[in-house]
Amino acid sequence: MPHFFQKHQIMSSETLPAFVETSNVERTQDLSEDQEESQKPRSGEGLEPISKRQMKKLIKQKQWEEQRELRKQKRKEKRKRKQLERHCQQDSNSDGNDRKRIRRDVVHSTLRLVIDCSFDSLMVLKDIKKLHKQIQRCYAENRRALHPVQFYLTSHGGQLKKNMDENDKGWVNWKDIYIKPDHYSEFIKKEDLIYLTSDSPNVLKELDESKAYVIGGLVDHNHHKGLTYKQASEHGIDHAQLPLGNFVKMNSRKVLAVNHVFEIILEYLETRDWQEAFFTILPQRKGAVPTDNACGSSSHNKKSARAGGGLDSDSSEEENSRNELDSPREEENRDKENSTESAMNSIPH
């Protein structure tokens, strides 16, 4: 027995290091596996829920990717259509260039049309930006007109110039326009001036192309009503209003934006017809109809013609197109009516 125990003890002492080493390796493997398992995200843990906004973005992105080929095909069709139009224009024009043919028909008018920008301090930045857009429209329309006028932008400075420098740097390269920091009275004779204002009792019958007609560059929403008429009277400058009430009856406010007045004069120079000029330029939302077909009593017609039978350049408002010109109050009322019908229709026009 002692010999047996001694032999067993010798064998145990020999196999013990190997056993310990094997156990350590297995323990190390178990620990590494546990660490890997602990580092793996468990189901429902470590994942933030996706918000509705993120989900919408993902859906839109997916739709965008799915429609990639469709957009590519549309671009190809558009290019082909433009090429076809160009070929048709070249075939229909013996000179091979419509633009040159049209420009040769242009006859410049000697009439001077002035936008008076001396009301800069009376407007907030929002209205300054509106005036800037209206001036841009006037410039574009005058460049396209068959009888362009001598376009003047006077008292140019302050907020308006700063806004144009920041948002429309190309204005310094405008052609066929006189942009001056001086007041119009400093370089135009007083006897040549006619200030257009709806408060004037004088109604224009026709345009005198030897005169300089002044439009008040003021967007104030009737906060300074009658200001241009007052200034013209104080300085002894002739004044008048467009004959709007003699030809047109409207079911909305008879307030015209600066660019609308400008375009009406351009149209009249081409057609020599006030009624045609008014109905070509006035927005459809104004509900303009000829005075002969207007409803209501004669006294009401006279009152309407007197109230707005001309030009409200003092309170001119921004417009986005010929079909869109409404006062802020009208827009607000329309928004409220739309919001009661559906929340999706509350976007202002």
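Since the model is a prediction, treat every value here as computed from it, not as a measurement. (Residues numbered from 1 in each chain as written. Predicted model: local features only at pLDDT ≥ 70, side-chain atom pairs only at ≥ 80, totals over all residues. Heavy atoms only, no water.)

### Quick look at unusual backbone geometry
At S155, a residue that is not glycine, the phi angle is positive and equals roughly 55°. With respect to the helices and strands, the residue S155 is situated in the loop between β2 (150-154) and α6 (158-167). The exposure class of S155 is buried, given its relative accessible area of 15%. Here the phi dihedral of R272 falls at roughly 55°; this positive angle occurs in a residue that is not glycine. Relative to the assigned elements, R272 resides in the loop between α9 (258-271) and α10 (274-281). The exposure class assigned to R272 is partly exposed, which follows from its relative accessible area of 43%. (Helix = DSSP H or I, 4+ residues; strand = E, 2+ residues; numbered from the N terminus. Buried < 20%, exposed > 50% of the residue type's maximum accessible area, 1.4 Å probe, protein only.)

### Let's talk about the packing of α9 against α10
Where α9 meets α10, the closest approach of the two axes is 8 Å, and the angle between their N-to-C directions is 135°. Our classification of the angle between α9 and α10 gives oblique. Where α9 crosses over α10, the handedness of that crossing is right-handed. Here H260, E263, I264, E267, Y268 and T271 of α9 lie close against α10, whose contacting residues are W274, E276, A277, F278, T280 and I281. When the residues that make up the contact of α9 with α10 are grouped by side-chain class, the tally is six nonpolar, three polar and three charged. (Axes fitted to C-alpha atoms, helices over the stretch in contact; angles between N-to-C directions. Parallel < 35°, antiparallel > 145°, perpendicular 65-115°, else oblique. Left-handed = near helix turned anticlockwise from the far one by under 90°. Contact = heavy atoms within 4.5 Å. Nonpolar A, V, L, I, M, F, W, Y, C, P; charged D, E, K, R; others polar.)

### Here we look at the packing of aromatic side chains
On inspection of all chains with the given rule, the structure shows eight aromatic pairs. Considering the side-chain rings of W274 and F278, the 5.7 Å spacing of their centres and the 20° angle between planes classify their relative orientation as stacked. In this pair, W274 and F278 are both assigned in helix α10, four residues apart and thus about one turn of the helix distant. Each of the two residues, W274 as well as F278, counts as buried. Ring-pair connections join several aromatic residues into one group, and the members of that group are F247, Y268, W274 and F278. Sitting over the ring of F187, K180 keeps its end group 5.3 Å from the ring centre. (Phe/Tyr/Trp six-rings, centres within 6.5 Å; stacked < 30°, edge-to-face > 60°. Lys NZ or Arg CZ within 6 Å of the ring centre and 35° of its normal.)

### Here we look at the environment of W274
W274 gets classed as buried once you look at its relative accessible area, which sits at 5%. Sequence spacing of W274 and K205 is 69 residues, and the spatial spacing of their C-alpha atoms is 8.8 Å. Ignoring any residue separated from it by four or fewer positions in sequence, one finds W274 in contact with L204, K205, E206, L207, L242, P243, F247, I264 and Y268.

### Considerations on a positive patch on the surface
Together, K52, R53, K56, K57 and K60 line one region of the surface with positive charge. Within the fold, R53 resides in helix α2 (residues 52-66). (Patch = residues over 30% accessible without salt bridge, like charges linked within 9 Å, V, L, I, M, F, W, Y side chains within 5 Å. Areas by Shrake-Rupley, 256 points an atom, 1.4 Å probe, with all protein chains shown as cover. Salt bridge = Lys/Arg side-chain N within 4 Å of Asp/Glu carboxyl O. Lys, Arg positive; Asp, Glu negative; His and termini not counted. Charge placed at Lys NZ, Arg CZ, Asp CG, Glu CD.)

### Side note on the side chain of D192
Mapped onto the fold, D192 is located in the loop between β3 (177-179) and β4 (193-196). D192 sits in the buried class, given a relative accessible area of 18%. Discounting residues that sit within four places of it in the chain, D192 has contacts with R112, S210, K211 and A212.

### Regarding α9
Under the 1.5 Å per step criterion, the end-to-end length of α9 is 20 Å for 14 residues, consistent within 8% with the ideal 20 Å. Counted residue by residue, α9 has 12 buried out of 14 residues, so it is predominantly covered. Along α9, the positions that sit buried rather than exposed are V258, N259, H260, V261, F262, E263, I264, I265, L266, E267, Y268 and L269. The inward-facing, buried residues of α9 abut β1 (112-116), α5 (125-144), β2, β4, β5 (212-216) and α10. Within two residues after α9, R272 carries a phi angle of roughly 55°, on the positive side. (Expected span 1.5 Å × (residues − 1).)

### Comments concerning a nonpolar patch on the surface
Nonpolar side chains collect at one region of the surface, where I50, M55, L58 and I59 lie side by side and expose about 360 Å² of accessible area between them. Mapping I50 onto the fold places it in the loop between α1 (2-39) and α2.

### Concerning the confidence of the model for the chain
Parts of the prediction with low pLDDT should not have their coordinates interpreted in detail. Per-residue pLDDT for the chain has a mean of 74; in total, 62% of the residues score no lower than 70. With pLDDT under 50 throughout, residues 98-102 is counted as low confidence; its partners more than four residues away or in other chains account for three contacts. With pLDDT under 50 throughout, residues 293-349 is counted as low confidence; its partners more than four residues away or in other chains account for 124 contacts. (pLDDT = per-residue confidence, 0-100.)

### Observations regarding the sheet that holds β5
What the six strands build is an open sheet, ordered β3-β2-β1-β5-β4-β6; its pairing is parallel. A single partner strand is all that each edge strand has here, and the edge strands are β3 and β6 (238-240). Pairs of neighbouring strands in the sheet enclose a mean axial angle of 25°, with direction left out of account. The sheet contact formed by β1 and β5 spans five bridges and is parallel. Residue pairing in the sheet places I115 in a bridge with I215 of β5. Along the sheet, helix α7 (residues 227-234) makes contact with β4, β5 and β6, crossing β6 at roughly 150°. Against the sheet, α9 touches β1, β2, β4 and β5, its axis set at about 155° to β5. (Pairing = 2+ DSSP bridges.)

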